[in-house]
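What follows is the residue order along each chain.
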Amino acid sequence: MNFLIDNALSPRVAAGLRAAGHDVIALTLPGLESVDADRSSVTLSDHADAMADAERSNLVLGNSRTLLEQVNAALQRLDDGTYGFCQRCGKPIGERRLEALPYALYDLECQEIVERETTL
Ligand SMILES: [Zn+2]
């Protein structure tokens, strides 16, 4: 099993995964700061704008949190030695797919099936 993982996982993919984590944190931190700024600068006349900003910030934070969870889960799989394998069928995920989407849970085939199932 480990033999397969070592073969499937290129250092470039591992680096890409860790970089994705850093990107998420870089995206999330300004979002957090803007939420704090909103709180300290809210006046009654700015209230509507502030609410819109806060909603936007929450959306950004929500997306970042989801992405960060996916990246963290992938890093966990990297530690577990299950990284790079489809979570549905267990087949190795293609290296090109992992380079494009380092935290991919499924191979392309299963991704399509899962997407079809969730949109139905
Ligand atoms: Zn699969």
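Along each chain, numbering runs from 1 in the same order as the chain's sequence is written. In view of the model being predicted, local features appear only for residues whose pLDDT reaches at least 70, and side-chain atom pairs are presented and counted only at 80 or more, with totals across whole chains, interfaces and linings using the full set of residues.

Sorry if this is basic, but what is going on with the overall build of the protein chain here?
Put simply, DSSP H or I for four residues or longer makes a helix, DSSP E for two residues or longer makes a strand, and each gets a number counted from the N terminus. Along the protein chain, the regular secondary structure elements total five helices and zero strands. Order of helices (α) and strands (β) in the protein chain, N terminus to C terminus: α-α-α-α-α. Any pair of residues counts as being in contact when their C-beta atoms, constructed from backbone geometry, are within 7 Å of one another. Within the protein chain, contacts between residues at least 6 apart in sequence are counted, and of these 58% link residues at least 24 apart.

Whenever I open this one, helix H5 (residues 108–119) confuses me. Can you help?
Each full turn of the α-helix corresponds to 3.6 residues, which orients residues three or four apart in the same direction. Take the residue count of a helix, subtract one, and multiply by 1.5 Å to get its expected span. Taking 1.5 Å per residue as the helical rise, H5 with its twelve residues ought to reach 16 Å, and the 16 Å between its terminal C-alpha atoms agrees with that figure. Put simply, a residue is buried when 20 or more other C-beta atoms lie within 10 Å of its own C-beta and exposed when 12 or fewer do; between those, it is partly exposed, and each C-beta is set from the backbone. Within H5, only zero of the twelve residues are buried, which leaves the element largely exposed.

Mind showing me how you'd approach the environment of glutamine 87 here?
With respect to the element layout, glutamine 87 can be found in the loop between helix H3 (47–80) and helix H4 (95–100). Assessed through the 15 C-beta atoms surrounding it within 10 Å, glutamine 87 is described here as partly exposed. Taking the C-alpha atoms as reference points, glutamine 87 and leucine 105, 18 residues apart in sequence, are found 5.7 Å from one another. Ignoring any residue separated from it by four or fewer positions in sequence, one finds glutamine 87 in contact with Leu105 and Tyr106.

Even after reading the chapter, I still don't get the nonpolar core, so can you show me in this structure?
A general trend in soluble globular proteins is that nonpolar side chains are found buried together. Counting eleven residues, the largest nonpolar core is built from Val13, Leu17, Val71, Ala74, Tyr83, Phe85, Ile93, Leu98, Tyr103, Ala104 and Tyr106. Secondary structure elements with two or more residues in this core: helix H2 (11–41) and H3. The residues touching isoleucine 93, leaving out its near neighbours within four places in the chain, are Gly84, Phe85, Cys86, Leu98, Ala104 and Asp107. In plain words, the nonpolar core is the set of buried Ala, Val, Leu, Ile, Met, Phe, Trp, Tyr and Cys residues that C-beta atoms within 7 Å link up.

How do you make sense of the environment of leucine 67 when you look at a structure like this?
Here leucine 67 shows up in helix H3. Judged by the 17 C-beta atoms lying within 10 Å of it, leucine 67 is partly exposed. Each C-alpha atom of the pair leucine 67 and alanine 20 lies 9.0 Å from the other, and the pair is 47 residues apart in sequence.

Can you walk me through the confidence of the model for the protein chain in this structure?
Interpretation of this model should avoid reading the predicted coordinates in detail wherever pLDDT is low. Residue-level confidence of the predictor, termed pLDDT, takes values from 0 up to 100. Averaged over all residues, the pLDDT of the protein chain is 76; the fraction at 70 or higher stands at 70%. Mean pLDDT per element in the protein chain: helix H1 (residues 2–8) is the minimum at 46, and H5 is the maximum at 92. Every residue in residues 1–7 is under pLDDT 50, and counting partners more than four places away or in other chains gives six contacts.

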